[in-house]
Amino acid sequence: GGLTFDVQPVGYSGTIELATSVSFDTASGAVSLGNSSLEATVAGIAEAPTRLAFGTQGVEVDTVSKTATVGAVELSVRGIDMRAEVQPFSYADAIQPQATIRIDAFSPRSVMQQLGVEPPATADPAALTRVILDAKANMGDDLVRLTDLNIKLDDTSFSGSMTVPFDSAGRFFAKLDGDAINLDRYMQPAAEGAAASDTDAAPVVIPADLLRPLNVRGELTLDSAQMSGLQFEDVVVTVNAKDGKLRINPITSKLFGGTYSGDITIITSTSVPSLSVNETVQGIDLAKLAKAMFDQDNITGSIAGNFRLGGSGHNMAEIQQTLGGTMSFELKDGTYEGMDVWYELRRARAMLKQEQPPEPVLPARTKFSTVTASGVVKNGIMRNDDLAAELPFMKLTGKGDVNIPEATVNYNLQARVLKKPEAMAGATPEEIEDFTKTVIPLKITGPLASPTVRPDVEELLQQRVEEEVKEKLEEKLKDLFKR
């Protein structure tokens, strides 16, 4: 048989065609359906008509025991092909069948296009183009439980369990274990001609419309995940999303030889979204981190730190402008390439003394034992009053600002040179004497990824003038007492 329908005012219309053979056994109360097929075309659900095909090899219904036995079932809708092996079930009370299901490879991107939904732009156009699923399905009153679940998303495999509610107000739950995923593939593509680190590239947008309706709890583990050049290993993530609030806590992973842990909250229930983070790193390889984040290869060592920050805005650029909170970090046992603090001090002294500057030792580098700093962040700028650093020949203390949105630093430091001739390559006794008897002012300015460290010549000149005046006063006082 077949029929056409037109449902108003919702605007659904289409055709349905059914082919089956039915037999009744009045003695046993059995009803049998032979090979059956149903095909439908429905307009009004999406821009293009939706085509659906359903088929089964047979259904046996025992009206006395109120049980049903269903053979293999095939369902096809919008390019998604599903097969199910349904176990016999009772329909005496609530109908809760169990089945083994498999969904053949399909493209989520194509499905979205057919539904009139614009697929998200991704850095890799091949992302979101292949999904395969198989699982055991248990039908409940208001949800479907999927166990022995295996999902293949593009090149990543997941296994675990999931519950899918029938009602859109119900809560979705998933517990999945995955192998490796490259999240950069799913990020927004960079602007044409822009490098990955280009500060003029469009800022990352908070997907508020996507996050706001979520009602999800999920637990996810991954062998590895790549994001923005960072390579995370042994990742554990717990997600809670409800009423416009998404919290990802805890997050733990290994990162570049150390560990990362975090607590991230995104609130989209307000007109302007907000983001807050509480992140801790321990023992991270600083060279690999700098290369991944800034494409810099001029620093080595390890970093530990804690970052409690929050801000509001529609994208990351706006959030950085409103950022507030606290930061602290420690760098240990490393080198900074391209700049030799010891040479810069000797050069500044030679300039003040009007002497020939020393020959630089190449390649220029500065070793450090520790660098520590902490501070309060307000409107994207961290104020730090306790910076301390230990070099082989020097101790540094000072204060300054870090402009997070602009990624620049501006520091004033005080240096005390230690009497360690073995660490003072090429220094004369006069140089060592001059350096160790006074505090030397330094300035750090410029880009956060490659700041410039130089002696504060203006303050050095002022110090020298004060010393000369002091020496002349002392001489006059000595002459006065001799009289």
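Here the structure is a predicted model, which is why all the values come from computation and not from measurement.

Engineer: Would you explain the overall build of the chain in this entry?
Structural biologist: When you go through the chain residue by residue, the secondary structure sums to 7 helices and 29 strands. Radius of gyration (C-alpha) of the chain: 35 Å, far over the 23 Å computed for a compact globule of 483 residues. Per-residue burial for the chain yields a buried fraction of 34% across its 483 residues. Placing the 46 positive and 66 negative side-chain charges of the chain at their respective mean positions leaves the two points 10 Å apart.

Engineer: Explanation requested: the environment of R130 in the structure shown.
Structural biologist: In this structure, R130 sits in the loop between α1 (108-114) and β13 (131-139). With sequence-adjacent residues up to four places away left out, R130 is seen in contact with A105, F106, S107, P108, K152, L153 and D154.

Engineer: Would you take a moment to explain the confidence of the model for the chain for this structure?
Structural biologist: Any region with low pLDDT has predicted coordinates that should not be read closely. With 90% of its residues at a pLDDT of 70 or more, the chain has an overall mean of 87. Across residues 194-199 the pLDDT falls below 50, and counting only partners more than four positions away or on other chains, this stretch makes 0 contacts in the model.

Engineer: Whenever I open this one, the side chain of T163 confuses me. Can you help?
Structural biologist: Residue position: T163 is located in strand β15 (residues 156-165). On the basis of relative accessibility, which here comes to 17%, the residue T163 falls in the buried class. Leave out the neighbours within four places in its chain, and T163 touches V144, R145, R171, F172 and F173.

Engineer: Would you mind showing me how to read the sheet that holds strand β8 (residues 67-70) here?
Structural biologist: Remark on secondary structure: sheet strands pair via backbone hydrogen bonds, oriented parallel or antiparallel. Spatially, β3-β4-β7-β8-β11 is the arrangement adopted by the 5 strands of the open sheet, whose pairing is antiparallel. Single-partner strands in this sheet number two, and they are β3 (22-25) and β11 (89-90).

Engineer: It is not clear to me how helix α6 (residues 429-436) should be interpreted in this structure. Could you clarify?
Structural biologist: Structural remark: α-helix, 3.6 residues per turn; residues separated by three or four positions point the same way. If you check which residues of α6 are buried, you get E431, I432, D434 and F435. End-on view of α6: buried residues confined to an arc of 165 degrees, all on one side of the axis. Exposed side chains of α6 directed beyond 90 degrees from the buried face belong to P429 and E430. Contact partners of the buried residues in α6: α5 (341-353), β27 (408-417) and β28 (440-447).

Engineer: Is there a simple way to explain the pattern of salt bridges in this structure?
Structural biologist: Think of it this way: side chains of opposite charge can pair up when their charged atoms draw near. Enumeration over the complete set of coordinates arrives at 16 salt bridges. The residue R83 makes a salt bridge to D104 at a minimum N-O spacing of 3.0 Å. On the criterion of sequence distance, the pair formed by R83 in strand β10 (residues 80-86) and D104 in strand β12 (residues 98-106) is long-range, its members being 21 residues apart. Between D295 and K291 there is a salt bridge, with the nearest N and O atoms lying 3.0 Å from each other.

Engineer: Any chance you could explain the environment of D263 here in plain terms?
Structural biologist: Mapped onto the elements, D263 comes out in strand β20 (residues 258-267). Given the relative accessible area of 17%, D263 is considered buried. Placed 22 residues apart in sequence, D263 and D285 show a C-alpha to C-alpha distance of 22 Å. Leave out the neighbours within four places in its chain, and D263 touches R247, I248, N249, S276, V277 and N278. Here R247 takes part through its side chain, which lies 2.5 Å from a polar atom of the side chain of D263.

Engineer: Looking at this structure, how should I read a nonpolar patch on the surface?
Structural biologist: Taken together, the side chains of V7, V10, Y12, I45, L115 and V117 define a hydrophobic patch exposed on the protein surface, amounting to about 500 Å² of accessible area. Mapping V10 onto the fold places it in the loop between β1 (2-7) and β2 (12-19).

Engineer: Teacher, can you tell me more about the packing of α5 against α6 here?
Structural biologist: Running from amino to carboxyl end, α5 crosses α6 at an angle of 95 degrees, the nearest separation of the two axes being 11 Å. Here α5 is positioned roughly perpendicular relative to α6, judged by the angle of their axes. Where α5 abuts α6, its residues W342, L345, R346, R349 and K353 lie against E430, E431, D434 and F435. For the contact of α5 with α6, the per-class residue count stands at 3 nonpolar, no polar and 6 charged.

Engineer: It is not clear to me how unusual backbone geometry should be interpreted in this structure. Could you clarify?
Structural biologist: It is generally the case that most residues other than glycine have a negative phi and that most peptide bonds are trans. Going from N249 to P250, the amide bond is cis rather than trans, its omega being 0 degrees. Note the cis peptide between L362 and P363, where omega equals -5 degrees. Assignment of secondary structure puts P363 in the loop between α5 and β24 (365-378). We note that R78 has phi near 50 degrees; this positive angle belongs to a residue other than glycine. Inspection of the secondary structure puts R78 in the loop between β9 (72-77) and β10. Although it is not a glycine, N379 adopts a positive phi angle of roughly 50 degrees.

Engineer: Would you mind going over the pairing of β28 with me for this structure?
Structural biologist: On any regular strand, side chains alternate: one points to one face of the sheet, the next to the other face. As defined by bridge partners, β27 adjoins β28 across 8 bridges and the pair is classed as antiparallel. For L413, the partnering residue across the bridge sits in β28 and is L442. The pairing of β28 with strand β29 (residues 452-455) spans 4 bridges and is classified as antiparallel. Counterpart to L442 in the pairing with β29 is P455.

Conventions adopted
- Residues numbered from 1 in each chain as written.
- Predicted model: local features only at pLDDT ≥ 70, side-chain atom pairs only at ≥ 80, totals over all residues.
- Heavy atoms only, no water.
- Helix = DSSP H or I, 4+ residues; strand = E, 2+ residues; numbered from the N terminus.
- Rg over C-alpha atoms; globule rule 2.2 N^0.38 Å.
- Buried < 20%, exposed > 50% of the residue type's maximum accessible area, 1.4 Å probe, protein only.
- Lys, Arg positive; Asp, Glu negative; His and termini not counted.
- Charge placed at Lys NZ, Arg CZ, Asp CG, Glu CD.
- Contact = heavy atoms within 4.5 Å.
- pLDDT = per-residue confidence, 0-100.
- Pairing = 2+ DSSP bridges.
- Arc of directions from axis to C-beta.
- Salt bridge = Lys/Arg side-chain N within 4 Å of Asp/Glu carboxyl O.
- Polar contact = N/O pair within 3.5 Å; in protein donor to acceptor, adjacent residues only side chain to side chain.
- Patch = residues over 30% accessible without salt bridge, like charges linked within 9 Å, V, L, I, M, F, W, Y side chains within 5 Å.
- Areas by Shrake-Rupley, 256 points an atom, 1.4 Å probe, with all protein chains shown as cover.
- Axes fitted to C-alpha atoms, helices over the stretch in contact; angles between N-to-C directions.
- Parallel < 35°, antiparallel > 145°, perpendicular 65-115°, else oblique.
- Nonpolar A, V, L, I, M, F, W, Y, C, P; charged D, E, K, R; others polar.

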